[in-house]
Amino acid sequence: MAKSSKKSNIILIIPTLIYLNIMTFFPIAYLVYLSFLKWNLFEHKGTFVGLQNFIQLLSPGSLFYQSLSITLLFAISATFSEFLFGLGVALLLNRENIIAKIIRGILIVPLMMAPVLIDMIWKYLYNPVLGPLTYFANMMGIMQPNFLDSEPNVFFSLIAVDIWQYGPFMVLIILSGLLSLPKEQFEAAAIDGANSFTQFRYIILPLLKPILSIAILFRFVDSMKVFNKIYILTAGGPGRATETLSYHIFYYSLGFTYDVGYGAAVSILFLIVVLFMTLVFMRAFMKDMFVKGRVQ
Amino acid sequence: MKLTMRDLIINVLMIILLIWIAFPLFWLFISSFKSNVSIFDFPPTIFFQISLDAYKVALSWEWLNYFKNSIIASLSSAFSALAIGVPAAYALARYEIKRKNFTMITILSIRMMPPIVTIIPLFLMFSFLNLIDSHLSLILVYTTFNIPYVIWIMRGFIEEIPKEAEEAALIDGASVFQIITKVVLPISKPGLITTLIFCLVQAWNDFLIAFVLTNVNAKTVPVALASLVGTRWVLWNQLFAVGVINTIPALVLAYLIRNYWVKGLTLGMVKG
């Protein structure tokens, strides 16, 4: 627009920049400082120990590696299963049908409920003493289903909750993608004799690629951050089997040892992992967005 | 014949799906009407004497106070985020700005950042400032996490409206702020409401941030709910009654913007 508005451009953005700098970059700078300290929160002050926290957590066999691999395992399996669920359900619901309509309406419910409440409902459903799912398992002859207190059951139980909670996110996005597909191409393909599988593989999937990348990016990043589910359902257990990075950081800095320096060092590595993966993913699959800030 | 078989399979699959989605919601809802005794029945009962025990607790002063805290935190943070973010969204939609993409991606990375990473230094910083367990600390942090939503969603909506009205207003001598408040915002009302609702719901449902930053005075509903679980005898009916009440406003708001769910969920990256 007009040249005269040059000054006001800056004025419009400045509040955001100042606010976000104070509220994120400042705490992160403080986090970097904390990571060089040995500081138990019950002591008045920390002592400077240089890179000792990082050396500790990068040494072979450290809890950090263990927690990182648990986090990645959870994030990859949750994202992958939600992707398959989302694709399947979206294709199923992409039709005029009364049940499909009802389901499309209630899909938003899990996304609008407090995540903590969802975790509680499932904690009740899985409850070994009075949970309905325990009762169903008993009816099928499994006397102690151990949904949450044994490996590997606990992973499947957590992922089932995650699919229930965030599967609808994938479904809604993929459905909106399916609706925006150009109809002519299908008619042309049908005339050429393409069956529904070839149509799906060679027409639908490539057209949906940008939308699928966005959905996967959001789900992957968000499932790496998983905290509530762990806190409510397993508290990191059994043993350390489900201690994801968010929970690990919380547990060491504000829960168990109050060792903020160590927590800060883990936080920094976690932040680097998450942001690095986000950027790599966006560069690989969302070039358009990198250039124009959007897809389509 | 072949077609009907296919229809049958599709309908069966849809009914299974409906049960999968509805079953936890159904249990949440019916269990909230169980009495303090029948909630412990095993096997769990579907038919029981309806009781309002749980709702009496959920609407007691203690819980109403948590609801009040949740309302204060989400309303204030949503409106602050709009006030701070909308002008920036406008500038990013309309003007040539140096390093625009870098700015957008940086703002997006705040949405992607794990909250646990900033919440621990913020906890310490707020402790020095004596702001722990205050509404202000919660509002400040929620505003931070809401701003990326405001900027990304609103920029998308603003880019979709034609520039002519703004150009005419500019020729009439209107200032940028007048253009935003009098021309752009009225046209992009659906965008504004969508953004507001996503911000509200995000703050309303947050657990981690409120859990670290509050303990008594500013405690929100999700944190109060979670604190029930540690105890040995959980009165699940009370927990679920609070949960039902907590969910209703979010669902009403979601219904109002039913055409914009996908846009909101993906920060405007996918046009729903």
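Residues numbered from 1 in each chain as written. Chains lettered and ligands numbered in written order. Predicted model: local features only at pLDDT ≥ 70, side-chain atom pairs only at ≥ 80, totals over all residues.

A word on the overall build of chain B. Secondary structure summary: chain B contains 13 helices and zero strands in total. Across chain B, helices and strands are ordered from the amino to the carboxyl terminus as α-α-α-α-α-α-α-α-α-α-α-α-α. Taking the principal axes of the C-alpha coordinates as reference, chain B spans close to 70 × 70 × 30 Å. Considering only residue pairs separated by 6 or more positions, chain B has 76% of its internal contacts joining residues 24 or more positions apart. (Helix = DSSP H or I, 4+ residues; strand = E, 2+ residues; numbered from the N terminus. Contact = placed C-beta atoms within 7 Å.)

A few words on the overall build of chain A. Of the regular secondary structure elements, chain A holds 14 helices and two strands. Referenced to the eigenvectors of the C-alpha coordinate spread, the extents of chain A come out at roughly 75 × 75 × 35 Å. In chain A, which comprises 296 residues, the share counted as buried stands at 41%. (Buried ≥ 20, exposed ≤ 12 C-beta atoms within 10 Å, placed from the backbone.)

This part covers unusual backbone geometry. Following A:Glu151, the chain continues to A:Pro152 via a peptide bond in cis, the omega torsion being -5°. Positionally, A:Pro152 belongs in the loop between helix H7 (132-139) and helix H8 (153-179). One non-glycine residue with positive phi stands out, namely B:Asn130, at about 60°. If you trace the backbone, B:Asn130 turns up in the loop between helix H5 (115-128) and helix H6 (135-160). Here B:Asn130 falls in the exposed class, since 9 other C-beta atoms lie within 10 Å of it. A positive phi angle, near 65°, is found at B:Asp133, a position not held by glycine.

One can find A:Val154 in helix H8. For A:Val154 and A:Lys101, which are 53 residues apart along the polypeptide, the C-alpha to C-alpha distance reads 33 Å.

As a further point, take helix H3 (residues 61-94) of chain B. Over its 34 residues, H3(B) extends 49 Å from the first C-alpha to the last, a length consistent with the 50 Å expected when each residue adds 1.5 Å. The sharpest bend along H3(B) comes to roughly 35°, located at B:Gly85, with the proline B:Pro87 sitting one to four residues further on. (Expected span 1.5 Å × (residues − 1). Bend = angle between axes of the 7 residues up to and from the residue.)

Now for the interface of chain B and chain A. By a widespread convention, an interface's size corresponds to the accessible area lost as its parts come together. At the interface, 71 residues of chain B touch 76 residues of chain A. With 13 residues, the single largest contributor to the side of chain B that touches chain A is helix H1 (residues 2-31) of chain B. Of the residues assigned to the side of chain B that touches chain A, the class counts are 57 nonpolar, twelve polar and two charged. (Nonpolar A, V, L, I, M, F, W, Y, C, P; charged D, E, K, R; others polar.)

Grouped together as the largest cluster of nonpolar side chains are 163 residues, with contacts concentrated most on A:Ile173, A:Ile174, B:Ala89 and B:Val150. Among the elements that take part in this core, H6(B) stands out by supplying 15 residues, more than any other. If sequence neighbours within four positions are ignored, A:Ile174 has contacts with A:Gly86, A:Leu87, A:Ala90, A:Leu208, A:Ile211 and A:Ala215. (Core = buried A, V, L, I, M, F, W, Y, C linked by C-beta atoms within 7 Å.)

Residue and element names in this part refer to chain B. Relative to the elements of secondary structure, Asp 133 occurs in the loop between H5 and H6. Here Asp 133 falls in the partly exposed class, since 15 other C-beta atoms lie within 10 Å of it. For the pair Asp 133 and Leu 213, spaced 80 residues apart in sequence, the C-alpha separation works out to 5.8 Å. When neighbours within four sequence positions are excluded, Asp 133 is seen to be in contact with Thr 214, Asn 215, Val 216, Asn 217 and Ala 218.

This brings us to the packing of helix H12 (residues 245-255) of chain A against helix H13 (residues 260-285) of chain A. Packed helices, taken two at a time, are described by their axes: the angle between them and the distance between them. Residues and elements named next belong to chain A. Remark: H12 packs on H13, axes separated minimally by 8 Å, with the N-to-C direction vectors making an angle of 160°. Considering the angle they form, H12 stands roughly antiparallel to H13. Where H12 crosses over H13, the handedness of that crossing is left-handed. Contacts between H12 and H13 involve Leu 245, His 248, Ile 249, Tyr 252 and Ser 253 from the first element and Val 260, Tyr 262, Gly 263, Val 266, Ser 267 and Phe 270 from the second. Of the residues contributing to the contact of H12 with H13, the split by class is seven nonpolar, four polar and no charged. (Axes fitted to C-alpha atoms, helices over the stretch in contact; angles between N-to-C directions. Parallel < 35°, antiparallel > 145°, perpendicular 65-115°, else oblique. Left-handed = near helix turned anticlockwise from the far one by under 90°.)

On to helix H6 (residues 115-126) of chain A, then. Residues and elements named next belong to chain A. With twelve residues, H6 should reach 16 Å at 1.5 Å per residue; the first-to-last C-alpha distance of 16 Å fits that figure. The element H6 is extensively covered by neighbouring structure, given that twelve of its twelve residues are classed as buried. Where H6 is concerned, the buried positions are Pro 115, Val 116, Leu 117, Ile 118, Asp 119, Met 120, Ile 121, Trp 122, Lys 123, Tyr 124, Leu 125 and Tyr 126.

To continue, consider the confidence of the model for chain B. Fine structural detail should not be taken from predicted coordinates in areas where pLDDT scores are low. When the pLDDT values of chain B are averaged, the result is 90; 97% of them are 70 or greater. Per the prediction output, this complex has pTM 0.92; the corresponding ipTM is 0.93. (pLDDT = per-residue confidence, 0-100.)

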